[in-house]
Amino acid sequence: MVRKRTSIHGEWTSRWAFILAATGSAVGLGNIWKFPYITGENGGGAFVLVYLICIALIGIPIMMAEVMIGRRGRQSPVNTMYTLGIESGSTPHWKWLGWLGVVAGFLILSYYSVIAGWALDYIFKMASGTFTGANADFVSSTFGSFVKSPLSLIFWHSVFMLMTMFVVARGVNGGLEKAVRFLMPGLFILLIIMVGYAVTTGEFMRGLQFLFEPNFDNLLYKHEAGGKFILTDQGEKIFTLEYVLIAMGHAFFTLSLGMGAIMIYGSYLPNKTSIAKTSIIIAAADTLVALLAGMAIFPIVFANQLDPSAGPGLIFSTLPLAFGNMPGGTLFGTLFFILLVFAAWSSSISLIEPAVAWLVENKGMKRLKASVLMGVACWLVGMLTVLSFNVWEKVYPFNFWVFKNKTFFDVLDYLTANIMLPLGGLLIAIFSVWIMSTDSSSDELEMKQSALSFNIWYFMTRYITPIAVIFVFANLLGFI
Ligand code: TRP
């Protein structure tokens, strides 16, 4: 049996270090910025329910599969898939799955960095008391004029990309591990304070209702952001699984799955660590952060008659309102955006780590050179997102199919989160149970083949995940 490879990039010092790093990767803008705004756009409760089901039934099994594959291969995803493809008696072409992930990570980081730049800017806006006593109009128009300025966006995007390059160049298992240890709990405590404030707005129950009371019409029929149904000529609603796809895509996005990020973190994981338990802890922590963010934001939205489907600006036009009007708001607000930037930082690193590790392994590059190369390329692609919020606000580059009326930013987001990640996840699932032998997988997961937990994982990964992803894709492609 082939076993006990070691990674040339180093290893986490303990199981906790891995949990912290993987949680650091999972918890980020996806939880605090994206989850609330897509929940708002897609009508609330039913969307959240599907998202939660996807986390449990698809997210956790795929996370286990990714960590397992990563630890067995102990290289960058491209080389891991290549090696394991051959080792399993299949083909080395599985490396293309690694490449799909490299491209997805690269594209995600290009816009992720721009949005993280917004959070950077808001640290200074909060600290200087811009929002003290502000009303909803002022907060929205401040955000509006901020994103209308390409130069400000480029500046903060550059700062964030430099921060990312800095850590990746030093190797992910250096300082990052220590930082996450303090920052994650900090973010968590601040979110609880925010939820506490939301209780005082008077609309807390309405916020909860919006988040947790399912309305399946909003999920299953075509509608505009905000809820108005789009009808056929006969005046009937149009069935679609697109919003289910968005919920599923977000489950992948928020857990950092489907592109090799968790795979490469798994490749630095010491042997003799329970992959199942670890994955469940990470998924639970990630979900909790997202739900807390939702519970903090929607009561503020309703108390101020704001629009829940306001889009990517949602948290920037709601949270400052709360901070501006609560005791100690300047301090809490500043801290909140600092922590949000750290959360985004520990995520962004995992987005280019697979590409950088590949350059080091295959091109013999130094980490520094590889990081700079990838960072600069990604920074350039980020310009498409920068311009999507101002100069090219009305430019729809691929005006067909699901990309209709979407800006560059929207296209990048849709393509990566809703298509590339589920596709990557599907292939990872197929590889781990249809191609790898059960001897290898049960050995690496450290579960007996007869154990219930192994069989649950196996069943989910073999049937549930592939069927769910294929079903939703088939709907999108017009087959059902
Ligand atoms: N999960 C992160 C978030 O929610 C983003 C992220 C980091 C990611 N690494 C990833 C998303 C890999 C997809 C794939 O903010």
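Our structure is the block above this text.
Residues numbered from 1 in each chain as written. Predicted model: local features only at pLDDT ≥ 70, side-chain atom pairs only at ≥ 80, totals over all residues. Heavy atoms only, no water.

Participant: I keep staring at the layout of surface pockets and nothing clicks. Help me out?
Facilitator: Over the atoms, a rolled probe matching the size of one water molecule traces out where space is still vacant. Considering only enclosed or pocket space, the largest pocket measures out at about 1600 Å³ in volume. Residue lining of the largest pocket: 49 residues in total, with Glu41, Ala225, Asn405, Lys406 and Asp410 positioned closest to the centre. Breaking the lining of the largest pocket down by element, the ones donating at least two residues are helix 2 (29–41), helix 6 (136–147), helix 11 (242–254), helix 14 (314–325), helix 17 (408–435) and helix 19 (452–476). Taken together, the residues of the lining of the largest pocket break down into 22 nonpolar, 14 polar and 13 charged. (1 Å grid on protein atoms, 1.4 Å probe; cavity = no way out; pocket = protein on both sides within 12 Å on 5 of 7 lines; lining within 4 Å. Points joined across faces, edges and corners; volume = space filled by probe spheres on them. Helix = DSSP H or I, 4+ residues; strand = E, 2+ residues; numbered from the N terminus. Nonpolar A, V, L, I, M, F, W, Y, C, P; charged D, E, K, R; others polar.)

Participant: What am I meant to see in unusual backbone geometry here?
Facilitator: Within the chain, Arg74 stands out as a residue other than glycine whose phi angle is a positive 55°. Mapping Arg74 onto the fold places it in the loop between helix 3 (45–73) and helix 4 (77–87). Positive phi, close to 55°, is recorded for Asn405, a residue that is not glycine. Mapped onto the elements of the fold, Asn405 is located in the loop between helix 16 (367–388) and helix 17. For Asn405, a relative accessible area of 51% translates into the label exposed. (Buried < 20%, exposed > 50% of the residue type's maximum accessible area, 1.4 Å probe, protein only.)

Participant: Before we go on, may I ask you to explain helix 15 (residues 329–363) in this structure?
Facilitator: What sets the pattern is the α-helix's 3.6 residues per turn: residues three or four places apart point alike. Over its 35 residues, helix 15 extends 50 Å from the first C-alpha to the last, a length consistent with the 51 Å expected when each residue adds 1.5 Å. Its maximal kink placed at Glu353, helix 15 deviates by approximately 40°, while the proline Pro354 follows within four residues. Phi turns positive one or two residues past the end of helix 15, at Gly364, with a value near 60°. (Expected span 1.5 Å × (residues − 1). Bend = angle between axes of the 7 residues up to and from the residue.)

Participant: Any chance you could explain the site of the ligand here in plain terms?
Facilitator: Around the ligand, the structure places 17 residues, and the nearest of them are Ala26, Gly30, Tyr112, Phe253 and Ser350. Between the ligand and Leu29, the relevant distance is 3.1 Å, taken from an oxygen atom to a main-chain nitrogen or oxygen of the residue. With respect to the ligand, the backbone of Phe253 contributes an N or O atom lying 2.8 Å from a nitrogen atom. For the ligand, the accessible surface in isolation is 370 Å², of which the surrounding protein chains cover 100%. Among the cavities detected, the one that contains the ligand is the largest cavity. At the level of secondary structure, the elements contributing two or more residues to the shell around the ligand comprise helix 1 (15–26), helix 2, helix 5 (95–127), helix 11 and helix 15. Counted by class, the shell around the ligand contains nine nonpolar, eight polar and no charged residues. (Near = heavy atom within 4 Å. Polar contact = N/O pair within 3.5 Å; in protein donor to acceptor, adjacent residues only side chain to side chain. Areas by Shrake-Rupley, 256 points an atom, 1.4 Å probe, with all protein chains shown as cover. Sits in = over half its atoms within 2 Å of the grid points.)

Participant: What is the right way to look at the pattern of salt bridges in this model?
Facilitator: Any two side chains of opposite charge can pair, so long as their charged atoms come close to each other. On inspection of all chains with the given rule, the structure shows 13 salt bridges. In this structure, Glu393 and Lys148 form a salt bridge, with 3.5 Å as the shortest nitrogen-oxygen distance. Residue Glu393 is found in the loop between helix 16 and helix 17, and its partner Lys148 is found in the loop between helix 6 and helix 7 (150–170); the two are separated by 245 residues along the sequence. Under the relative-accessibility criterion, Glu393 is labelled partly exposed at 32%. Of the charged contacts, one joins Arg367 and Glu353 as a salt bridge, the two residues approaching to 2.7 Å between their closest N and O atoms. Note that Arg367 is positioned in helix 16 and Glu353 in helix 15, a separation of 14 residues in sequence. Across this residue pair, the class does not change: Arg367 and Glu353 are buried. One network of salt bridges, in which partners are shared, links Arg5, Arg71, Arg72, Glu87, Lys272, Asp443, Glu444 and Glu446. (Salt bridge = Lys/Arg side-chain N within 4 Å of Asp/Glu carboxyl O.)

Participant: Can you help me understand the packing of helix 13 (residues 275–303) against helix 14 in this one?
Facilitator: Packed helix pairs are characterised by how far apart their axes lie and by the angle those axes make with each other. Close contact between helix 13 and helix 14 brings their axes to 9 Å; oriented N to C, the two are set at 80°. If you check the angle between helix 13 and helix 14, you find them roughly perpendicular. Where helix 13 abuts helix 14, its residues Ile297, Phe298, Ile300 and Val301 lie against Leu314, Ile315, Thr318, Leu319, Leu321 and Ala322. A per-class count over the contact of helix 13 with helix 14 returns nine nonpolar, one polar and no charged. (Axes fitted to C-alpha atoms, helices over the stretch in contact; angles between N-to-C directions. Parallel < 35°, antiparallel > 145°, perpendicular 65-115°, else oblique. Contact = heavy atoms within 4.5 Å.)

Participant: Hey, could you run me through the packing of aromatic side chains in this one?
Facilitator: Each aromatic ring pair is characterised by the separation of its centres together with the angle its planes make. Throughout the structure, instances matching the rule amount to 39 aromatic pairs. Between Trp33 and Phe409, the ring centres sit 6.3 Å apart and the planes meet at 55°, which makes this aromatic pair tilted. You can see Trp33 sitting in helix 2 and its partner Phe409 sitting in helix 17, a full 376 residues away along the chain. This pair shows no difference in class: Trp33 is buried, exactly as Phe409 is. Summarising the aromatic geometry, the rings of Tyr122 and Phe131 are spaced 5.8 Å apart at their centres and angled 20° between planes, so their arrangement reads as stacked. (Phe/Tyr/Trp six-rings, centres within 6.5 Å; stacked < 30°, edge-to-face > 60°.)

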